[in-house]
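Spelled out from the first residue to the last, the chains are:
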Amino acid sequence: MISTATSAFINVQGLCKSFGGQVLYQDFDLTLPEGKVISVFGPNGCGKSTLINMMSGLIPIDQGQITVADKPLRRSRIGYVFQNYRDTLFPWMSAFDNIAYPLKVKGMAEKNRHQRVDQLLATFDITLDLRRYPYQFSGGQQQLIAILRAVVADPEVLFLDEPFSALDFEMTLYIREKLQQVHMESNLTTVVVSHDLEDAVYLADQILLLSKRPTHVVEKVQFELPRPRTPDTVSHPEFVRTKGHCLDIFRQEMRQ
Amino acid sequence: MNQKKRQPSPSQNPLAIASKWVPWADKLLPLLGVVILLSFWEIAATSNWVNPVLLPTPVATIAELVIVTFRPENGLFLDFFTTLWRTLLSFAIGAILGVPLGIILGSNERVYRSFEFLIDFFRSTPASALIPMFLLFLGTSDWNKVVIPAFAGFLVIIFNSAYGVMNARQSRILAARVMGASHWDIFKDVLFWESLPQIFIGLRTGISISLVIVIVAEMFIGTDLGLGKRIFETQQILNVKDMYASILTTGVLGYCLNMIFRFVEKQIVHWSGR
Ligand SMILES: Nc1ncnc2c1ncn2[C@@H]1O[C@H](COP(=O)(O)OP(=O)(O)O)[C@@H](O)[C@H]1O
Ligand SMILES: [Mg+2]
């Protein structure tokens, strides 16, 4: 049941990227469907972060072309959640000003910003005192603030780089649920890098397995259990099978 | 075999003992050094180790301090406020010029490279060495006692501001860029704040240096009022009690400026270290 019906929403063609003569990507092609969650999984240092950084326009590419919704990158609306919320939230602004910042730089009036943020909080049943500063929240709450900031301005794609890596287990489960909720509410196209296969499969419609460098796509694995997925999902036979399959491929790839 | 259960008792931890015995005494610890110094001073002054003419007792010095401070004629408070005024004025000049110029310098790698050596050189040159040169141009006018300290403060402030901007971490700037912030947005909402802790280091150093140079300038360059001038003159006429009182006052001034600055800094750069 490979969903070839969905047209290519994110389109990467002939992508080349090297760092100091070390080739990372060479003639790399990739298409990703609209409205799905894609998990990116692969060996350490294979270029997962670099890939989503290029797809979000954060770092330049050497050659090739990347489009989102048939538009060049600089005209697309991108939401990005960084690996480390500590280094990317603005500690000099209140949590509210952090979340509303993308609206502010777009020139939205203060009153509308408040409305939009309140609406967002209501949608995801979040009760946080947003007058406080980011450092006054727990790690999980800060990551939640970072996610709200990334989705507040109604992006076309949401990228997340290892959003759970700085969180403890409990918070990981919580944020994972919130991300699922975000996706179910908005059907937002989401690309999430994870080094934890369980998180990767749990969130995904499609798992993108990458090789060692020079990096290519080893396989796109579909995972189509309906949402909402619950903690019981991880013992569902389909989940276990998919995770096992991804692990097999990963092991094979590492042996080469 | 001794099978007694080992329980961590408070007495095994030296820190625990201290906090159990004297929980209130910890608060007084900062005073301990002061008490020791004053005792040494008292002993030195009363035991003839030091010529009593050169070293009055602490009590006599503080008594003198109280007396001369509010004396209507040649009162210490006039010198105090003159020095304070010069320090604040020169610091303000240094900061008003140094912070914006430093930020401009730091925002542009090429501009910074062109001035880096110059700033580093003058920053490493003791500002007191420049006093005679300034004297040539400005004479012994009262301006000198402000311009020289302002220059000295300006150098550390511009250096630290430029450094703060140049070494701002990139992660938050990238975050702002991906959210669609313009160059100006990034500058005023991110880069400026990101470099603020370093700017404050420059400002704090700048005000200390300004005070030092004000005092030195007051000693070197003729003036009617000022703590530097008072310390120098009382020493010349061997009015040692007044000299020590003036030195103490200078110390108190420097200390208070530092404390006030730290307080303000903590209010503004509230996120620092968190
Ligand atoms: N700015 C950079 N300069 C030099 N090398 C880099 C840079 N960014 C990433 N790399 C290299 O590219 C490779 C892929 O990095 P990255 O995308 O962070 O991997 P991943 O996220 O998959 O662990 C690594 O070997 C890394 O050393
Ligand atoms: Mg990475």
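Predicted model only: the values in this text are computed from it and were never measured.

Thoughts on the environment of Ser114 of chain B
All names here are of chain B. If you trace the backbone, Ser114 turns up in helix α5 (residues 109-124). Looking at Ser114, the relative accessible area reads 53%, which means it is exposed. When the C-alpha atoms of Ser114 and Asp79 are compared, they prove to be 42 Å apart, with 35 residues separating the residues in sequence. Among the polar contacts made by the side chain of Ser114, one reaches the main-chain carbonyl oxygen of Arg110 at a distance of 2.6 Å.

Notes on the pattern of salt bridges
All names here are of chain A. Counted by the stated rule, this structure contains 24 salt bridges over all chains. Notably, a salt bridge pairs Asp129 with Arg131, separated by 3.1 Å at the nearest N-O pair. On the accessibility criterion, Asp129 (29% relative accessible area) is partly exposed. Under the relative-accessibility criterion, Arg131 is labelled exposed at 70%.

Digging into α5 of chain B
In this model α5 of chain B runs 21 Å from its N-terminal to its C-terminal C-alpha over 16 residues, within 8% of the 22 Å that 1.5 Å per residue would give. The sharpest bend along α5 of chain B comes to roughly 45 degrees, located at Phe115 of chain B.

Observations concerning the domain arrangement of chain A
All names here are of chain A. Looking at the assigned domains, one finds that chain A contains domain 1 (1-77 + 160-256) and domain 2 (85-153). At the boundary of domain 1 with domain 2, total buried surface from both sides reaches about 1100 Å², with 73% on carbon and sulfur atoms. Looking only at domain 1, the three residues that lose the most surface to domain 2 are Ile175, Lys178 and Val182, adding up to 33% of its buried area. Applying the counting criterion to the domain 1 and domain 2 interface returns one salt bridge. Asp125 is the salt-bridge partner of Lys178, the closest N and O atoms lying 4.0 Å from each other. Linking domain 1 with domain 2 are three residue pairs in polar contact (both at pLDDT 80 or more). A per-element tally of the side of domain 1 that touches domain 2 places helix α5 (residues 169-186) first, with eight residues. Class assignment for the residues of the side of domain 1 that touches domain 2 results in ten nonpolar, one polar and three charged.

Brief notes about the site of ligand 1
Residue and element names in this part refer to chain A. Around ligand 1 lies a shell formed by Phe19, Leu24, Asn44, Gly45, Cys46, Gly47, Lys48, Ser49, Thr50 and Arg213. Within the contact set of ligand 1, an oxygen atom lies 3.5 Å away from a side-chain nitrogen or oxygen of Asn44. At a separation of 2.9 Å, an oxygen atom of ligand 1 approaches a polar backbone atom of Gly45. Here the shell around ligand 1 gets three residues from one element, more than from any other, and that element is helix α1 (residues 48-55). Of the residues belonging to the shell around ligand 1, the class tally is three nonpolar, five polar and two charged.

Quick notes on the sheet that holds strand β2 (residues 22-33) of chain A
Hydrogen bonds between backbone atoms are what pair the strands of a sheet, whose relative direction is either parallel or antiparallel. Residues and elements named next belong to chain A. Strand order in the open sheet formed by four strands is β2-β1-β4-β5, with antiparallel pairing between adjacent strands. Looking at the sheet topology across the chains shown, the edges are occupied by β2 and β5 (71-72). Here strand β1 (residues 8-19) runs beside strand β4 (residues 63-68); their pairing, made up of five bridges, is antiparallel. Looking at the pairing, Cys16 lines up with Gln63 of β4.

Quick notes on the sheet that holds strand β10 (residues 217-222) of chain A
Residues and elements named next belong to chain A. If you trace the six strands from one edge of the open sheet to the other, you get β6-β7-β8-β3-β9-β10, paired in mixed fashion. The strands lining the two open edges of the sheet, one partner per strand, are β6 (78-81) and β10. Put simply, the sheet's adjacent strands are angled 15 degrees from each other on average, direction ignored. Where α1 meets the sheet, its contacts fall on β3 (37-41), β6, β7 (157-161), β8 (189-193) and β9 (206-210), and the angle it forms with β7 comes to roughly 155 degrees.

As for the packing of helix α4 (residues 76-107) of chain B against helix α7 (residues 144-166) of chain B
Residue and element names in this part refer to chain B. Remark: α4 packs on α7, axes separated minimally by 6 Å, with the N-to-C direction vectors making an angle of 30 degrees. With respect to α7, the axis of α4 lies roughly parallel. With respect to the hand of their crossing, α4 and α7 are arranged in right-handed fashion. A class-by-class count of the residues in the contact of α4 with α7 yields 18 nonpolar, seven polar and two charged.

Focus on a nonpolar patch on the surface
On the surface, a nonpolar cluster with roughly 1000 Å² of combined accessible area is contributed by Leu29, Leu32, Ile36, Phe40, Ile43, Trp49, Val50, Val53, Leu54 and Leu238 of chain B. As for its placement among the helices and strands, Leu238 of chain B is situated in the loop between α10 (227-236) and α11 (240-268).

Here we look at the packing of aromatic side chains
Under the counting rule described, the total for this entry stands at 23 aromatic pairs over all chains. Ring centres of Phe90 of chain A and Tyr101 of chain A lie 5.4 Å apart, and the angle between their planes is 85 degrees; this geometry places the pair in the edge-to-face category. Within this pair, whereas Phe90 of chain A is found in the loop between β6 and α2 (95-105), its partner Tyr101 of chain A is found in helix α2, the two being separated by eleven residues in sequence. Tyr101 of chain A matches Phe90 of chain A in its accessibility class, with the two residues each being buried. Their ring planes at 20 degrees and their centres at 6.0 Å tell us that Phe159 of chain B and Tyr163 of chain B sit as a pair that is stacked. Residue Phe159 of chain B and its partner Tyr163 of chain B are both found in helix α7; the two are separated by four residues, about one turn of the helix. Residue classification places Phe159 of chain B among the buried residues on the basis of a relative accessible area of 14%.

The rules behind the values
- Residues numbered from 1 in each chain as written.
- Chains lettered and ligands numbered in written order.
- Predicted model: local features only at pLDDT ≥ 70, side-chain atom pairs only at ≥ 80, totals over all residues.
- Heavy atoms only, no water.
- Helix = DSSP H or I, 4+ residues; strand = E, 2+ residues; numbered from the N terminus.
- Buried < 20%, exposed > 50% of the residue type's maximum accessible area, 1.4 Å probe, protein only.
- Polar contact = N/O pair within 3.5 Å; in protein donor to acceptor, adjacent residues only side chain to side chain.
- Salt bridge = Lys/Arg side-chain N within 4 Å of Asp/Glu carboxyl O.
- Expected span 1.5 Å × (residues − 1).
- Bend = angle between axes of the 7 residues up to and from the residue.
- Domains from an automatic or database assignment.
- Buried area = accessible area lost by both parts, 1.4 Å probe.
- Nonpolar A, V, L, I, M, F, W, Y, C, P; charged D, E, K, R; others polar.
- Near = heavy atom within 4 Å.
- Pairing = 2+ DSSP bridges.
- Axes fitted to C-alpha atoms, helices over the stretch in contact; angles between N-to-C directions.
- Contact = heavy atoms within 4.5 Å.
- Parallel < 35°, antiparallel > 145°, perpendicular 65-115°, else oblique.
- Left-handed = near helix turned anticlockwise from the far one by under 90°.
- Patch = residues over 30% accessible without salt bridge, like charges linked within 9 Å, V, L, I, M, F, W, Y side chains within 5 Å.
- Areas by Shrake-Rupley, 256 points an atom, 1.4 Å probe, with all protein chains shown as cover.
- Phe/Tyr/Trp six-rings, centres within 6.5 Å; stacked < 30°, edge-to-face > 60°.

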